[in-house]
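Secondary and tertiary structure notes
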Amino acid sequence: EKCDRLAILSEGKLVALDTPRALKEQIGGDVITIETTNPVELAQKIKITLGLDPQVVESVVRIERDKGHELLPQLISGFSSDILSISLSKPTLEDVFIHKTGHRFWKQSQI
């Protein structure tokens with residue numbers, strides 16, 4: 001967050017280079033994350049029903065959207081039986097990494 005420029009590498013390739021602020025602005029407004037028991041199924045339902053392109057990262061459904069707060073009521077009312085938890089946040093540098101690479105910086109250990 002405190003650097004002048006940030007480079008993101010994935011599998012030895014440069015996928016992004018800019019200021020932290022500019023990188024976060026590339027995502028747009030908000031990041032919605034949804035915890036569910038079947039993320040792939042929920043992502044498909046959201047895509048078909050709402051015409052969005054959610055991303056499944058590990059066991060979480062992610063949606064990047066301007067004015068995400070306006071989408072929350074639709075998600076909750078339409079998919080409440082599938083949602084364990086839902087959150088809305090502004091993009092972080094981890095979100096930028098996921099956006100650019102399709103995966104987290106580190107993988108969670110499986111127990």
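Let me sum up the structure you'll find in this document. (Residues numbered from 1 in each chain as written. Predicted model: local features only at pLDDT ≥ 70, side-chain atom pairs only at ≥ 80, totals over all residues. Heavy atoms only, no water.)

Details of the nonpolar core
In this structure, Ile32, Ile34, Ile46, Ile63 and Leu75 are the most contacted members of the largest nonpolar core, which totals 13 residues. Mapped by element, the contributors of at least two residues to this core are strand E3 (30-35), helix H2 (39-50), strand E5 (60-65) and helix H3 (68-79). A per-element tally of this core places H3 first, with four residues. When neighbours within four sequence positions are excluded, Ile63 is seen to be in contact with Asp30, Val31, Ile32, Ile34, Ile46, Leu52, Pro54, Leu71 and Leu75. (Core = buried A, V, L, I, M, F, W, Y, C linked by side-chain atoms within 4.5 Å. Buried < 20%, exposed > 50% of the residue type's maximum accessible area, 1.4 Å probe, protein only. Helix = DSSP H or I, 4+ residues; strand = E, 2+ residues; numbered from the N terminus. Contact = heavy atoms within 4.5 Å.)

Quick word on unusual backbone geometry
Most of the time, phi is negative for any residue but glycine, and the peptide bond is trans. The phi dihedral of Glu11 is positive, around 55 degrees, even though this residue is not glycine. Positionally, Glu11 belongs in the loop between strand E1 (6-10) and strand E2 (13-18). Classification of Glu11 by relative accessible area gives exposed; the value is 78%. Residue Glu58 is not a glycine yet carries a positive backbone phi of 55 degrees. Residue placement: Glu58 occurs in the loop between strand E4 (55-57) and E5.

Comments concerning the sheet that holds E5
Pairing is antiparallel across the open sheet formed by four strands, whose spatial order is E4-E5-E3-E6. Each end of this open sheet is capped by a strand with a single partner; those strands are E4 and strand E6 (85-89). Strand-to-strand twist in this sheet, taken as the mean axis angle between neighbours without regard to direction, amounts to 25 degrees. As defined by bridge partners, E4 adjoins E5 across three bridges and the pair is classed as antiparallel. In the sheet register, Val56 faces E5, and the bridge partner there is Val61. Together, E3, E5 and E6 form the strand contacts of H3, whose direction differs from that of E3 by roughly 20 degrees. (Pairing = 2+ DSSP bridges. Axes fitted to C-alpha atoms, helices over the stretch in contact; angles between N-to-C directions.)

Concerning the side chain of Thr101
Turning to its location among the elements, Thr101 is positioned in helix H4 (residues 93-101). Reaching out from Thr101, the side chain makes a polar contact with the backbone oxygen of Phe97 at a distance of 2.7 Å. (Polar contact = N/O pair within 3.5 Å; in protein donor to acceptor, adjacent residues only side chain to side chain.)

Topic: the environment of Ser89
Tracing the backbone shows Ser89 in strand E6. Residue Ser89 is classed as partly exposed on the basis of its relative accessible area, which comes to 32%. It is 23 Å that separates the C-alpha atoms of Ser89 and Ala7, two residues lying 82 residues apart in sequence.

Some remarks on the packing of H2 against H3
It is at 12 Å that the axes of H2 and H3 come closest, and there the two elements cross at 115 degrees. Judged by the inter-axis angle, H2 sits roughly perpendicular to H3. Of the two possible hands of crossing, H2 and H3 adopt the one that is right-handed. Between H2 and H3, the residues in contact are Leu42, Lys45, Ile46, Thr49 and Leu50 and Leu71, Gln74, Leu75 and Phe79, respectively. Tallied by class, the residues present in the contact of H2 with H3 amount to six nonpolar, two polar and one charged. (Parallel < 35°, antiparallel > 145°, perpendicular 65-115°, else oblique. Left-handed = near helix turned anticlockwise from the far one by under 90°. Nonpolar A, V, L, I, M, F, W, Y, C, P; charged D, E, K, R; others polar.)

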